[in-house]
Amino acid sequence: MKPTMKAVRTGASALALAAVLLSPVAGAATPEELKRAEKWLDEFQPSTLSREEQLKELEWFIDAAKPFRGMNIKVVSETITTHEYEASVLAKAFSEITGINLTHDLIQEGDVIEKLQTEMQSKRSIYDAYVNDTDLIGTHFRYGDVIPLSDYMEGEGKDVTLPTLDVDDFIGKSFGTGPDGKLYQLPDQQFANLYWFRADWFEREDLRKRFREKYGYELGVPVNWSAYEDIAEFFTNDVKEIDGVRVYGHMDYGKKDPSLGWRFTDAWLSMAGTGDKGIPNGKPVDEWGIRVEGCHPAGSSVERGGATNAQASVYALTKYIAWRKKYAPPEAAGMTFSEAGPVPAQGHIAQQIFWYTAFTADMAKPGTPVVNKDGTPKWRMAPSPHGAYWEEGMKLGYQDAGAWTLLKHTDAQRRKAAWLYAQFTVSKTVSLKKTLVGLTPIRESDIQSEAMTEAAPRLGGLVEFYRSPARVAWTPTGTNVPDYPKLAQLWWQSVSEAVTGALTPQQAMDQLAERQDRVLERLERAKVQPNCGPKLNKPRDAQYWFDQPGAPKPKLANEKPKGETVPYEQLLQAWREGRER
């Protein structure tokens, strides 16, 4: 956190500094305007700011918005709890406080991307600002349709940039940063995919004894996929039933649907160990298997130095198919992402390797089979286990980061008004309350707050994870992917053919790698990306690439080493001490 903001948060002298930092440049807010703002302060509790500091921020918004009063501004985001709070509460508050008429539309994630694509292709404004995933950072950087916020805040938008925005306080700042070091997208919400398990079952001594006798090690949080597989086998085929209910050691989904692609592009290959070392994403090869040379995408297939069809990726797809068939409820095969998400809350799933923390609020609702009578959860979340090809220093999972994005085609004045709202939704005045509503934290100061400490016992490890050094290994899709919309749609099509048995895992990944390379070739030929567009490597024998350091990696002699687990309390203690595990 910046020194100035440390000062702002302490004592009377800090309030004086805040007054200087936030004093309106063009004339103070009227008593009536301040009264309208002050009535919202109860809604914006708790906050890491004092009420006086909150009111100073709101006063800044009142003054900065004066040139735009009466404007009708439209922004858009996907439909999740955090954005529902923004659309129903924060948009109304912003309109009342500033006089800007703000409409915040909620649509499906795929529709957000479609609107973005349409605007980028037509060069005509549809919305004044977008919240879209930083998975598109490589797309935005290369096409040049998105305004670098770091330039905007120092230039055209300087007069409407909140002095206390404190960009360094955003834990996902690196996610929206391009290869040029510029910030293109400012996180509005983020959530990770983690390991989820029934801590109450894992603590039962009878089950622990049976597991120890069969496998020779302790039942605990799995560190590697071998242990996850053993635990899945144990609960599905050995335990079978708990309290009269048929239980399963794994949960997933397998319907032929675009969400099947997210299952893989989000994290599955990174967990297996497909790419190279590097945070937030592997370099030169990322978790999609795309290699970059310098900043230019150079290929997906092994023969071009990529790893989309390398053995680590085939291993990942093979395990996904086998585990769902062997250890998940039969109905999982016909489910999509959204249908499968609530299933663990029904009380018959022992663990899930790939679980989004966006489901935390639903999973913690009183009265469900996975919540105790006192409101504490029977479950916990922890870092996901890694596959046989994973190495220390690689990303270990996915983190979704929906981020504010400004396009060049928007009218300059409308863009300024929309930027004011974007900052309002992430300002310290409202960010902690928004975090407690949607459980999608974006600020270090919020995560470390007393309010989060108080909430932690009800959230099953969410707060501990975000306070730990481990969180940096969970990241969105990175800058290697030059056109996310075009490439992402290829994944579910190829994966689904392996799921149905029409192709083997190797054939499916070969097909996917070839299709991705074709898209990269078309982008290269069309020269539509002025910044670091694709420059494909010429095909070479796979052994040449296997002989190079890192990815792509040749097949391991043993893809199932001995299972390794760690006690959950030991993991928490490591986090408290600033260690990953």
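Enquirer: How should I be thinking about the pattern of salt bridges in this particular structure?
Expert: A full pass over the atoms with the stated rule returns 39 salt bridges. For D252, the salt bridge goes to R263, with nearest N and O atoms at 2.2 Å. Of the two residues, D252 is situated in the loop between β7 (245-246) and α12 (258-272) and R263 in helix α12; the sequence distance between them amounts to 11 residues. No difference in accessibility class separates D252 from R263, as the two residues are buried. The network of salt bridges with shared partners includes E205, R208, R212 and E218.

Enquirer: What is the right way to read the nonpolar core from this model?
Expert: Nonpolar side chains in soluble globular proteins tend to be buried together. With 130 residues, the main nonpolar core has W225, F235, W268 and L317 as its most contacted residues. Those residues within four positions of L317 in sequence are excluded, and the remaining contacts are F264, W268, V495, A498, P505, A508 and M509. Counting 49 residues, the second largest nonpolar core, distinct from the first, contains W60, Y85, L102 and V430.

Enquirer: What is the right way to look at empty space enclosed by the protein in this model?
Expert: The method is simple in principle: a probe with the dimensions of a water molecule rolls over the atoms, and the space it marks as empty is what remains. Scanning the entire structure with this criterion turns up 3 cavities of 30 Å³ or more. The volume enclosed by the largest cavity comes to roughly 70 Å³. As for the largest cavity, its lining consists of Y253, F337, A340, G341, Q352, F354, W355, Y356 and F359. Breaking the lining of the largest cavity down by element, the ones donating at least two residues are α14 (337-340) and β10 (351-356).

Enquirer: Is there a simple way to think about the state of the cysteines in this case?
Expert: In protein chemistry, a disulfide is the covalent bond that joins the sulfur atoms of two cysteines. Considering all chains together, one arrives at 1 disulfide under this definition. One disulfide bridge connects C295 with C532, the sulfur atoms lying 2.0 Å from each other. With the S-S dihedral at roughly -80°, the linkage between C295 and C532 falls on the left-handed side. A residue pair is termed long-range when its members are at least 10 positions apart, and C295 in the loop between β8 (291-293) and β9 (296-299) and C532 in the loop between α22 (505-526) and α23 (542-546) qualify at 237 residues. Here C295 falls in the buried class, since its relative accessible area comes to 19%. A relative accessible area of 15% means that C532 is categorised as buried.

Enquirer: Is there a simple way to explain the side chain of S270 in this structure?
Expert: With respect to the secondary-structure elements, S270 resides in helix α12. Those residues in contact with S270, other than ones at most four positions away along the chain, are E287, W390, K395, L396 and G397.

Enquirer: I'm lost on the layout of surface pockets in this one. Help?
Expert: Its volume calculated, the largest pocket comes out at about 980 Å³. Lining the largest pocket we find 39 residues, and of these E78, Q108, E109, W262 and F337 sit closest to its centre. Every element with two or more residues in the lining of the largest pocket is listed here: α5 (81-98), α6 (109-122), α12, α14, α15 (360-363), β12 (397-405), α17 (431-438) and α21 (484-499). No other element matches the 6 residues that α12 contributes to the lining of the largest pocket.

Enquirer: Could you clarify how one ought to interpret unusual backbone geometry in this entry?
Expert: Leave glycine aside and you will find that most residues have negative phi; peptide bonds, for their part, are mostly trans. Of note, the bond from I279 into P280 is cis; its omega dihedral lies within 30 degrees of zero at 10°. Within the element layout of this structure, P280 appears in the loop between α12 and β8. P284 follows K283 through a cis peptide bond whose omega is 5°. Tracing the chain through its elements places P284 in the loop between α12 and β8.

Enquirer: Explain the confidence of the model for the protein chain here, please?
Expert: Caution applies to low-pLDDT parts of the model: their predicted coordinates are not meant to be read in detail. This prediction gives the protein chain a mean pLDDT of 93; 95% of its residues lie at or above 70. Counting contacts from residues 1-26, a segment whose pLDDT is below 50, to residues more than four positions away or on other chains yields 41 contacts.

Enquirer: Help me understand the packing of helix α10 (residues 205-215) against helix α11 (residues 225-239) in this model?
Expert: For any two helices packed against each other, one specifies the crossing angle of their axes together with the interaxial distance. Two elements in contact, α10 and α11, have axes whose closest approach is 11 Å; the angle formed by their N-to-C orientations is 115°. Accordingly, the angle class assigned to the pair α10 and α11 is roughly perpendicular. Crossing handedness for the pair α10 and α11: right-handed. When α10 is examined against α11, the residues L207, R210, F211, K214 and Y215 are found in contact with a partner set consisting of D230, I231, E233, F234, F235, D238 and V239. A class-by-class count of the residues in the contact of α10 with α11 yields 7 nonpolar, no polar and 5 charged.

Reading guide: rules and limits
Sequence order sets the numbering: in each chain, residues are counted from 1 along the sequence as written. Where totals are concerned, whole chains, interfaces and linings use all residues; where local detail is concerned, this predicted model gives features only for residues with pLDDT of at least 70, and gives and counts side-chain atom pairs only at 80 or more. Computation of side-chain values: all heavy atoms of the structure, hydrogens and water removed. When a carboxyl oxygen of Asp or Glu lies within 4 Å of a side-chain nitrogen of Lys or Arg, that pair is called a salt bridge. Helix numbering and strand numbering both begin at the N terminus, where a helix is a DSSP run of H or I of at least 4 residues and a strand a DSSP run of E of at least 2. The rule is simple: take the accessible area with a 1.4 Å probe, protein chains only, and divide by the maximum for that residue type; under 20% is buried, over 50% is exposed, in between is partly exposed. Only buried residues count toward a nonpolar core, which is a set of Ala, Val, Leu, Ile, Met, Phe, Trp, Tyr and Cys residues joined through side-chain atoms within 4.5 Å. When checking whether two residues touch, look at their non-hydrogen atoms; a contact exists if any pair is within 4.5 Å. The method works on a 1 Å grid over the protein atoms by themselves. A cavity is a set of points holding a 1.4 Å probe that cannot get out, a pocket is an open set with protein on both sides within 12 Å along at least five of seven lines, and residues with an atom within 4 Å of a point line them. Grid points are joined across faces, edges and corners, and a volume is the space filled by probe spheres set on the points. The term disulfide is used for any two cysteine sulfur atoms that are within 2.5 Å. The pLDDT value tells you how sure the predictor is about a given residue, anywhere from 0 up to 100. Helix axes are fitted only over the stretch in contact, all axes being lines through C-alpha atoms; the angle between N-to-C directions runs from 0 to 180 degrees. When an angle is under 35 degrees it counts as roughly parallel; over 145 it counts as roughly antiparallel; between 65 and 115 it counts as roughly perpendicular; any other value is oblique. In this scheme the crossing of two helices becomes right-handed for a clockwise turn of the near helix relative to the far one and left-handed for an anticlockwise turn of less than a right angle. Here the nonpolar group is Ala, Val, Leu, Ile, Met, Phe, Trp, Tyr, Cys and Pro; Asp, Glu, Lys and Arg are the charged ones; every other residue, Gly included, is treated as polar.

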